[in-house]
Amino acid sequence: MKKVMVTFVFALIGVVIFKVLSLPLPWMMGPVFTVAIASNIPKITTLKLTSSIANPAKMIIGVTVGSAFSASILNDLHHYMFSILLIIPFVLVSSVFGVYYYNKFVGLDKNSAFFASQPGGFVEMVMLAQSTGANVQKVILAQSSRLMIMVVSLPFIIHTFLNIELPKSNSGSLLPSIVDLQLNDGLLMIFCGLFGWWIGNKVKLSAASLLGPMIISMFFYIFNLINDKPPFEIINIVQLILGASIGSSFNGIGFKELAKVLLFGMGHFVGLILLALIFCSISIWITGEQWLSVLLAFAPGGQSDMNLIAILVSANVPFVALHHTFRMFIIMAILPAIHKSFEKHTKDKEF
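As a starting point, this report considers the structure included with it.

About the criteria used
Residues numbered from 1 in each chain as written. Predicted model: local features only at pLDDT ≥ 70, side-chain atom pairs only at ≥ 80, totals over all residues. Heavy atoms only, no water. Helix = DSSP H or I, 4+ residues; strand = E, 2+ residues; numbered from the N terminus. Expected span 1.5 Å × (residues − 1). Buried < 20%, exposed > 50% of the residue type's maximum accessible area, 1.4 Å probe, protein only. Arc of directions from axis to C-beta. Core = buried A, V, L, I, M, F, W, Y, C linked by side-chain atoms within 4.5 Å. Contact = heavy atoms within 4.5 Å. Axes fitted to C-alpha atoms, helices over the stretch in contact; angles between N-to-C directions. Parallel < 35°, antiparallel > 145°, perpendicular 65-115°, else oblique. Left-handed = near helix turned anticlockwise from the far one by under 90°. Nonpolar A, V, L, I, M, F, W, Y, C, P; charged D, E, K, R; others polar. Phe/Tyr/Trp six-rings, centres within 6.5 Å; stacked < 30°, edge-to-face > 60°.

1. Describing helix H10 (residues 183-202)
Count 3.6 residues to each turn of an α-helix, and residues three or four apart come out pointing the same way. End to end, H10 covers 28 Å across 20 residues, agreeing with the expected 28 Å (1.5 Å per residue, within 8%). Among the residues of H10, those classed as buried are Asp185, Gly186, Met189, Cys192, Gly193, Gly196 and Gly200. On an axial view of H10, the arc spanned by its buried residues comes to 115 degrees, and they lie on one face. Exposed positions of H10 whose direction lies more than 90 degrees from the buried face are Leu183, Leu187 and Lys202. Remark: Lys204 follows H10 within two positions and exhibits a positive phi of approximately 60 degrees.

Following this line, the structure appears as C-alpha cells:
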C-alpha cells in the first residue's frame, strides 16, 4: 500500500509541475515523466502498477468512448469503412518494419523482436511473448517505450503541426462537472461499465475492461437511455492512473538503461509515425476526415491512451475508437498464425 501511495504522490507532483509550466495534458503527461524518473531513484520505492489498478480506469474510458456515439453517427459508419480497412496493410507494414528494426538495429532475437514491435495491446503482447519463449523483459521495455513516446509526442505534434490548442487545466471543455451529473445517469454509467466488463470477460473479449463497457454504453447512448457524459473530474483521475501506469513500467531499470530503451523506442516511433502519415494521407483523400481524428486513428499507441487523447482534444471519438478496435481485433485474431509462419520462415534464415 505504501508503494502505491508513493507512486501516486509522484504522479500528482507531475500534474503540478505540468500545470505550473502550462504544458498540455498535465493529468496524463505529468505522471508519465515523474513516475518514470522516481521509479529509478535509489531509496524511492514506487510500484509497477498492475492491471488491477489500470483496468478500472480503462473501464471508465470505455464508457466515455461509448458516450460519443449517437443514432446519427450510425448513418456515417459506411464513410469510415475504407479507412478502417486500411488498418490491415498498415499493421502488416508496420510489423515488418518493427521486426527488422528491433532485430537488426537493437539486437533482439527475432522472436522477441516480433512481439516487441507489434502495435497491439501491451498486456496481450506480453502474455503471447511469455507463451512463446521470447525475452519478456525486452518486450515489456520496448512496448512501454512505444507507449510512453507516443503519449508524450502526439500532443506536441498535434499542437505544433496541426495548430490545435490542447487542454492545460482540466478536461472539462466538453465534459460536465460531477456536481451537475444526474444521479440516474451516473448509476447507469456504472452499470454499463461493470456489466460490460463482466460480459467482455465472459466472452473472452480482448481488452475486455475497455471494449465491453464501450459496447454496452454505446447502445445506451444510441437509444438515449443516458444523457450526461462522464464528468471531467473522473477523467482527470483516469489520466492520472494511466500516466502513472506507463511511467511505472520502467520501474527499477536504471537511468542508463532507461535512456537506452527510450532512444531505441524513439527510432521505432519515428518509423511508425512516418508510416502512419502515409496511411493517414490516403484515408483523408478518401474520407475527407480531419487530420486530427485520422492521425489519432492510425497512431500505433495503446487503445485506451489514444481514445483518451481523442476525448480530451475533441476529436471524432467514434472514428478513432472504431479504427483502434479493428486494429486490436486484427492483431489478436491473426497474430498467432502470423507468428507461427514467421517462426517457420525465419528459423534458418536471416533478414
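So, next bit.
2. A closer look at the nonpolar core
Core analysis: the biggest nonpolar cluster contains 78 residues, and Val65, Phe250, Leu296, Phe298, Leu308 and Ile309 have the highest contact counts within it. With nine residues, the top contributor of residues to this core is helix H13 (residues 255-287). Apart from the residues lying within four places of it in its own chain, the contact partners of Leu308 are Met28, Ile61, Ile235, Val238, Gln239 and Leu242. Leu108, Ala113, Phe115 and Val139 belong to the second-largest nonpolar core, a separate cluster that totals 12 residues.

3. What about the packing of helix H1 (residues 2-20) against helix H2 (residues 26-38)?
For the pair H1 and H2, the least separation of the axes is 7 Å and the interaxial angle reads 125 degrees. It follows from the interaxial angle that H1 and H2 lie oblique. Considering the relative orientation of H1 and H2, their crossing is right-handed. Two secondary-structure elements touch here, H1 through Thr7, Phe10, Ala11, Leu12, Ile13, Gly14, Val15, Ile17, Phe18 and Lys19 and H2 through Pro26, Trp27, Met29, Gly30, Pro31, Phe33, Thr34, Val35 and Ala38. For the contact of H1 with H2, the residue count by class is 14 nonpolar, four polar and one charged.

4. A word on the packing of helix H9 (residues 136-161) against H13
Look at H9 against H13: their axes get within 8 Å of each other, and the N-to-C directions meet at 60 degrees. Crossing handedness for the pair H9 and H13: right-handed. Side by side, H9 and H13 meet where Lys138, Leu141, Ser145, Arg146, Met148, Ile149, Met150, Ser153 and Ile157 of the first sit next to Glu257, Val261, Leu262, Gly265, Met266, His268, Phe269 and Leu272 of the second. The residue inventory of the contact of H9 with H13, partitioned by class, reads 10 nonpolar, four polar and three charged.

5. Examining the packing of aromatic side chains
Under the defined criterion, the tally for this structure stands at 12 aromatic pairs. Where Tyr80 meets Phe319, the ring centres are 5.1 Å apart and the plane angle is 85 degrees; that geometry is what we call edge-to-face. Of the two residues, Tyr80 sits in helix H5 (residues 77-85) while Phe319 sits in helix H16 (residues 317-346), which places them 239 residues apart along the sequence. By relative accessible area, Phe319 is classed as buried at 0%. Aromatic pair Phe90 and Phe279: ring centres 5.4 Å apart, planes at 65 degrees, arrangement edge-to-face. Here Phe90 is found in helix H6 (residues 87-104), whereas its partner Phe279 is found in helix H13, with 189 residues between them in sequence. The burial state of Phe90 is the same as that of Phe279; both residues are buried. In this structure an aromatic cluster arises from ring pairing among Phe97, Tyr100, Tyr101, Tyr102 and Phe105.

6. A closer look at the environment of Trp291
Mapped onto the elements of the fold, Trp291 is located in helix H14 (residues 291-298). Measuring from C-alpha to C-alpha, the distance between Trp291 and Leu277 comes to 9.7 Å, with 14 residues separating the pair along the chain. Excluding anything up to four places from it in sequence, Trp291 contacts Leu162, Leu277, Cys280, Ser281 and Ile284.

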